Amino acid sequence: MVANKTSSKAEAVPHHPAQDAYKVTALVLQGGGALGAYQAGVYQAMAEADLHPNWIAGISIGALNAAIIAGNAPEHRVERLTEFWESICKSALWPKAPAFPWLEGTTLPSIMREGANMFAAWRAIVEGQQGFFQPRMPPPVLHWHSTPATTSWYDTAPLRETLERLADFDRINHPSCVRVSVGAVNVRTGNFAYFDNRSEKLRPEHFMASGALPPGFPAVEIDGEYYWDGGMVSNTPLYKVLTERPHRDALIFQVDLWSAVGALPRDMGSVAERAKDIQYSSRTRLITEYMHQSREQQRLLHELMDLIPEDKRDNPAFRRAERYANGALTNLIHLIYRDKPYEGHYKDYEFSTTTMHEHWQSGLADMRHTLSHKHWLEPPSSENPFVTHDVHRG
């Protein structure tokens, strides 16, 4: 199936009336491997409500979801996301091998379900995932002349084919397309970098680089430099969106796959899981609180500057203050995936179709619940210019 091609004219897309109050409607997608199906469910609920972002920012699996969304016309995005996830949740070596259809909709003891999930994760390690990654043969330890692009346990060449099949890159790079930003880490310098379709032409390798987590996946070459997964430095592009200039009123949907808050571990498996949660949650709550305080101060400065007479505004101090003032309003809608009791430290590479459907349905339900609070989409007041909402937060 070939992704639908974009026209040369901007498309008239139905939109939610709440978006009229904002210049930016952003969808911010965290990294998290197999957990990323949750983001697809969130997007389905947004599409049902005619909430179409004009800026999508992603890291790792969030970047891959961003490619599928931005690379298709609005009416085809959920269909393509479905095809993407149904495809990559099959074994690379045995794509027709039976999964666990009998698990769908059943309630099993946690220990039995945990066993099925562990087996699916083991299969991902041994066999790879169709249209995503496959074991590198021969293994990298047997390569005599390896390059940065071959030094990994898996080959991600199948992912390029999947992206080219399901995403229209002419659409992604068309001036009328939504803005797309994906983050990666320069392997040589260790510096974080954003690839943005407003400043450069995005290709499959930009999205692949954002999800190139070592040592599993190889570094991806872009213009002579090699890049790894952006989650190694920051697993959420929220800061990128919040600090963008010029400042504009924004409605932001932040979709996280890892929770910074969790139970104390009781065994080595839960230690590994908890460590991943803390590492990859990227302290989104902390960033949000910091930006909340910063925006209140910037808004106050903006209002104070309005009191300065016109004939005094050539003062160098006033010009410096202009760079820090910010009168924009920000409404941040936060969604965080909640772990199931039978998930373990392998949850980000457990790609069974059963679990994928559960993740998807969780995102769909959380977003529908969020949108049932209609007043949450209303713009903040000038007295409280930065507000956050989260159905899972009391």
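Residues numbered from 1 in each chain as written. Predicted model: local features only at pLDDT ≥ 70, side-chain atom pairs only at ≥ 80, totals over all residues. Heavy atoms only, no water.

Where an unreviewed UniProt entry is consulted, the protein appears under the name Patatin-like phospholipase family protein, with the organism given as Dyella choica.

Engineer: Any chance you could explain unusual backbone geometry here in plain terms?
Structural biologist: With glycine set apart, most residues show a phi of negative sign, and most peptide bonds adopt trans. Omega for the peptide link from Met 137 to Pro 138 comes to -5°, which places this bond in the cis form. Its location among the elements puts Pro 138 in the loop between strand S3 (134-135) and strand S4 (154-155). For the bond running from Arg 245 to Pro 246, omega is 0°, close enough to zero to count as cis. Structurally, the position occupied by Pro 246 is in the loop between helix H8 (238-242) and strand S9 (250-256). With a phi angle near 60°, Asp 50 is a residue other than glycine that sits in the positive phi range. Among the structural elements, Asp 50 can be located in the loop between helix H1 (37-48) and strand S2 (55-59). Of note in this structure, Asp 223 is not a glycine but carries a positive phi near 55°. Relative to the elements of secondary structure, Asp 223 occurs in the loop between strand S7 (220-222) and strand S8 (225-229). (Helix = DSSP H or I, 4+ residues; strand = E, 2+ residues; numbered from the N terminus.)

Engineer: When you look at the environment of Tyr 194 in this model, what are you seeing that I'm missing?
Structural biologist: With respect to the helices and strands, Tyr 194 occurs in strand S6 (residues 192-196). Its relative accessible area of 24% is what places Tyr 194 among the partly exposed residues. The spacing of Tyr 194 and Ser 181 is 13 residues in sequence and 6.2 Å in space, taken between C-alpha atoms. Filtering out sequence-adjacent residues up to four positions away, Tyr 194 remains in contact with Ile 59, Ser 181, Val 182, Gly 183, Glu 200, Thr 236, Pro 237 and Lys 240. (Buried < 20%, exposed > 50% of the residue type's maximum accessible area, 1.4 Å probe, protein only. Contact = heavy atoms within 4.5 Å.)

Engineer: Sorry, what's going on with the side chain of Asn 197 here?
Structural biologist: By secondary structure assignment, the location of Asn 197 is in the loop between S6 and helix H7 (204-210). Here Val 178 takes part through its backbone oxygen, which lies 3.0 Å from a polar atom of the side chain of Asn 197. Polar contacts involving the side chain of Asn 197 include one to the main-chain amide nitrogen of Val 180, which spans 2.9 Å. The contacts of Asn 197, once residues within four sequence positions are left out, are Ile 172, Asn 173, Cys 177, Val 178, Arg 179, Val 180 and Leu 202. (Polar contact = N/O pair within 3.5 Å; in protein donor to acceptor, adjacent residues only side chain to side chain.)

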